[in-house]
Amino acid sequence: MATKSLGIDIREANENGAGKGRYTLEITKAILENAPKDLHIYLFTKKPNPAFPHTDQVSQIVIDGKGIWWHLRLRRYLRHHPVSLFLAPTSFIFAALAPASQKVAIVVHDLIAFLHSSTHAKIPTFIERLTLRRAVRKSRFIVCVSQNTAHDLAALFPEAHKKTVLIASPAVSPEVHKVDSEKMDLPASYLLGVGTLSPRKNFKLLFEAFTLLADENPHLHVVIAGGAGWQTSQIYKAVPAALKHRIHFLGYVSVDQLNELYSRAEMLIFPSLYEGFGIPPLEAMACCCPVITSNAASLPEVVGDAALQVDPQSPQALAEAITELLKPQVAMLYQKRGLNRARHFSWQSSAQLILNHLR
């Protein structure tokens, strides 16, 4: 194996994280499980992470510093102690700043900062716009989480055409599964929304669709699980005044609570305007929860024929899809398809793809 050492930035690897943090945790775990014996792995972090115990093959390297200073100190460390390859799964900053002697690879999750900057926080947008092009140029190869993300990257950055691009998709974490539990105080019948409370998640469309069918379904409620995000106040303002008592915000929930939410919901509604991948639909499918999602960006690639897809700009289309999926026979069909679809993705396969490329 040509590559004798691999460095990974695990600062955001978190069992309670979402998106990039969850990806970093799970892909790193899978890489460690599948790594050949002659590959030493160095995990770079701000503080020790108990998810990754020290072994003869794995070392955690703590680098102090906040913001740009962490990356500069990492640069200094690797200038004196280079690894064969450094993988950056959440940030492009170090890849853009890395010394010429240090080989790097990046993970590109999405191109929100370039394609939908109005729905994204300003500081992350500025940083990604400043660093991604240089990171692409310096990368030995690029990991994308979906074919759609790879397509967006190639369209925006001609430099990417010269690089090897690997599609290493997320998957359902082992902790996510159907449960028979009623510990949470939930409505008897509810539509579930999962995601950070930000405009891009398009919960406004769910509220508008719910308004169209609420009178015909007087016992139906909406439950939203997700922590605060960019412009969360806009989400609360979009709640129809007449239906406030039937729309419930739970905030951040644990994995155990999420399992129960998926398992008891009538369906998951995931009408996002743009996703680099979109894990909640797969998580719902693994819990036998039928799914409606938007037909935008990577989501059709993720769900295949195992979910109903709607125009994310059409409340009427979403209301009609909800009405259809409330039919028991239709729900059973998509539960079966969903279980099969969730098994289509694997952290092990994605990790092995990266490791194979190191050979």
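None of these values were measured; they are calculated from a predicted model.

Parameters at a glance
- Positions within a chain are numbered from 1, following the residues in the order the chain's sequence is written.
- In keeping with the model being predicted, local features are shown solely for residues with a pLDDT of at least 70 and side-chain atom pairs are shown and tallied solely at 80 or more, while totals for entire chains, interfaces and linings include all residues.
- Water and hydrogen atoms play no part in the side-chain values, which are based on all heavy atoms of the structure.
- Secondary structure elements are defined from DSSP: runs of H or I of at least 4 residues count as helices, runs of E of at least 2 residues count as strands, and each element is numbered from the N terminus.
- Using C-alpha atoms as the atom set, the radius of gyration is obtained and then compared with a globule rule of 2.2 Å times the number of residues to the power 0.38.
- Burial classes follow relative accessibility: with a 1.4 Å probe on protein chains only, a residue under 20% of its type's maximum area counts as buried, one over 50% as exposed, and anything between as partly exposed.
- In this analysis, two residues are considered to be in contact whenever any of their non-hydrogen atoms come within 4.5 Å of each other.
- Residue-level accessible areas treat just the shown protein chains as cover; the underlying method is Shrake-Rupley with a 1.4 Å probe.
- In this tally Asp and Glu are treated as negative and Lys and Arg as positive; neither His nor the chain ends contributes.
- For the purpose of locating charges, the reference atoms are NZ of Lys, CZ of Arg, CG of Asp and CD of Glu.
- What counts as an axis is a line fitted to C-alpha atoms, over the stretch in contact for a helix, and the angles between N-to-C directions run from 0 to 180 degrees.
- When describing relative orientation, an angle under 35 degrees is termed roughly parallel and one over 145 degrees roughly antiparallel, while 65 to 115 degrees is termed roughly perpendicular and anything else oblique.
- By convention, the crossing between two helices is left-handed when the near helix turns anticlockwise from the far helix through less than a right angle, and right-handed when the turn is clockwise.
- In this classification, Asp, Glu, Lys and Arg are treated as charged, Ala, Val, Leu, Ile, Met, Phe, Trp, Tyr, Cys and Pro as nonpolar, and every other residue, Gly included, as polar.
- Nonpolar cores were defined as sets of buried Ala, Val, Leu, Ile, Met, Phe, Trp, Tyr and Cys residues, with membership established by side-chain atoms within 4.5 Å.
- In protein, a polar contact means a hydrogen-donor-capable atom and an acceptor-capable atom, both N or O and within 3.5 Å, with residues adjacent in sequence counting only if both atoms are side-chain atoms; elsewhere, any N or O pair within 3.5 Å suffices.
- Patches here are clusters of residues that have more than 30% relative accessible area and form no salt bridge, with a 9 Å joining cutoff for like charges and a 5 Å cutoff for nonpolar side chains (Val, Leu, Ile, Met, Phe, Trp, Tyr).
- By salt bridge we mean one thing: a side-chain nitrogen of Lys or Arg within 4 Å of a carboxyl oxygen of Asp or Glu.
- Only protein atoms enter the 1 Å grid, on which a cavity is a set of points fitting a 1.4 Å probe that cannot get out and a pocket is an open set with protein on both sides within 12 Å along at least 5 of 7 lines, lining residues being those with an atom within 4 Å of a point.
- Grid points are joined across faces, edges and corners, and a volume is the space filled by probe spheres set on the points.
- Criterion used throughout: strands pair if DSSP finds at least two bridges between them.

**A closer look at the overall build of the chain**
Inference 1: Assigned secondary structure in the chain consists of 14 helices and 13 strands.
Inference 2: Against the 2.2 N^0.38 benchmark of 21 Å for 359 residues, the chain shows a C-alpha radius of gyration of 21 Å, consistent with a compact globule.
Inference 3: C-alpha atoms of the chain, sized along the principal axes, occupy 65 × 40 × 35 Å.
Inference 4: Looking at the chain as a whole, 55% of its 359 residues are labelled buried.
Inference 5: Pairs at least 24 residues apart make up 67% of the contacts formed inside the chain by residues separated by at least 6 positions.
Inference 6: Accessible area of the chain: about 16,100 Å², with a carbon and sulfur share of 52%.
Inference 7: Of note, the chain has its 38 positive side-chain charges centred 12 Å away from the centre of its 29 negative side-chain charges.

**Here we look at the packing of helix α1 (residues 20–34) against helix α14 (residues 347–358)**
Inference 1: Look at α1 against α14: their axes get within 8 Å of each other, and the N-to-C directions meet at 70 degrees. Comparing their axes, α14 and α1 come out roughly perpendicular. With respect to the hand of their crossing, α1 and α14 are arranged in right-handed fashion. For the pair formed by α1 and α14, the contact residues are Arg-22, Tyr-23, Glu-26, Ile-27, Ala-30, Ile-31, Glu-33 and Asn-34 on the first element and Trp-347, Gln-348, Ser-350, Ala-351, Gln-352, Ile-354 and Leu-355 on the second.
Inference 2: Of the residues assigned to the contact of α1 with α14, the class counts are eight nonpolar, four polar and three charged.

**A short note on the nonpolar core**
Inference 1: Among the nonpolar cores identified, the biggest contains 62 residues, and Leu-6, Ile-31, Leu-192, Leu-261, Tyr-262 and Leu-268 are the most heavily contacted of them.
Inference 2: For Tyr-262, the residues in contact, after removing those within four places along its chain, are Leu-192, Val-194, Leu-268, Pro-280, Glu-283, Ala-284, Cys-287 and Cys-289.
Inference 3: Counting 30 residues, the second-largest nonpolar core is a separate cluster that includes Phe-92, Val-108, Cys-144 and Tyr-274.

**Some thoughts on the side chain of Thr-149**
Inference 1: Position of Thr-149 among the secondary structure elements: in helix α6 (residues 147–156).
Inference 2: Take Thr-149: its relative accessible area is 0%, and that puts it in the buried class.
Inference 3: A polar contact is formed between the side chain of Thr-149 and the backbone oxygen of His-109, at a distance of 3.2 Å.
Inference 4: Aside from chain neighbours lying at most four places away, what touches Thr-149 is Val-108, His-109, Asp-110, Leu-111, Cys-144 and Gly-276.

**Looking at a nonpolar patch on the surface**
Inference 1: Residues Ile-123, Phe-126, Ile-127 and Leu-130 make up a contiguous nonpolar surface patch of about 440 Å² in total accessible area.
Inference 2: Relative to the helices and strands, Ile-123 resides in helix α5 (residues 122–138).

**Some points on the layout of surface pockets**
Inference 1: Of the voids in this model, the second largest pocket is the one considered here, and its volume is about 210 Å³.
Inference 2: Lining the second largest pocket we find Pro-199, Asn-202, Phe-203, Lys-204, Leu-205, Glu-208, Gln-234, Ile-235, Ala-238, Leu-273, Pro-312 and Gln-313.
Inference 3: The greatest single-element share of the lining of the second largest pocket, amounting to four residues, is contributed by helix α7 (residues 203–213).
Inference 4: Partitioned by chemical class, the residues of the lining of the second largest pocket number seven nonpolar, three polar and two charged.

**Some points on the environment of Met-184**
Inference 1: Mapped onto the fold, Met-184 is located in the loop between β7 (164–167) and β8 (189–194).
Inference 2: A C-alpha to C-alpha distance of 7.7 Å links Met-184 and Glu-260, two positions 76 residues apart in sequence.
Inference 3: Leaving out residues up to four positions away in the same chain, Met-184 has contacts with Leu-250, Gln-257, Glu-260, Leu-261 and Arg-264.

**Overview of the environment of Ile-123**
Inference 1: Owing to a relative accessible area of 63%, Ile-123 belongs among the exposed residues under this scheme.
Inference 2: For the pair Ile-123 and Gly-65, spaced 58 residues apart in sequence, the C-alpha to C-alpha distance is 18 Å.

**Concerning the packing of α7 against helix α12 (residues 315–325)**
Inference 1: Contact pair α7 / α12: the axes reach a minimum separation of 8 Å and the direction vectors enclose 65 degrees. Crossing of α7 against α12: the hand is right-handed. Between α7 and α12, the residues in contact are Leu-205, Leu-206, Glu-208, Ala-209, Leu-212 and Leu-213 and Pro-315, Gln-316, Leu-318, Ala-319, Ile-322 and Thr-323, respectively.
Inference 2: Grouping the amino acids of the contact of α7 with α12 by side-chain chemistry returns nine nonpolar, two polar and one charged.

**Some points on the sheet that holds strand β11 (residues 267–270)**
Inference 1: Across the sheet, which stays open at both edges, the six strands sit in the order β10-β9-β8-β11-β12-β13 with parallel pairing between neighbours. Every other strand in the sheet has two partners, leaving β10 (247–251) and β13 (308–310) as the edge strands with one partner each. When strand polarity is set aside, the average angle formed by the axes of neighbouring strands in this sheet is 25 degrees.
Inference 2: In the sheet, β8 pairs with strand β9 (residues 220–225) via six bridges, with the strands oriented parallel. Bridged to Ser-189 within β9 is Leu-220.
Inference 3: Together, β8, β9, β10 and β11 form the strand contacts of α7, whose direction differs from that of β9 by roughly 170 degrees.

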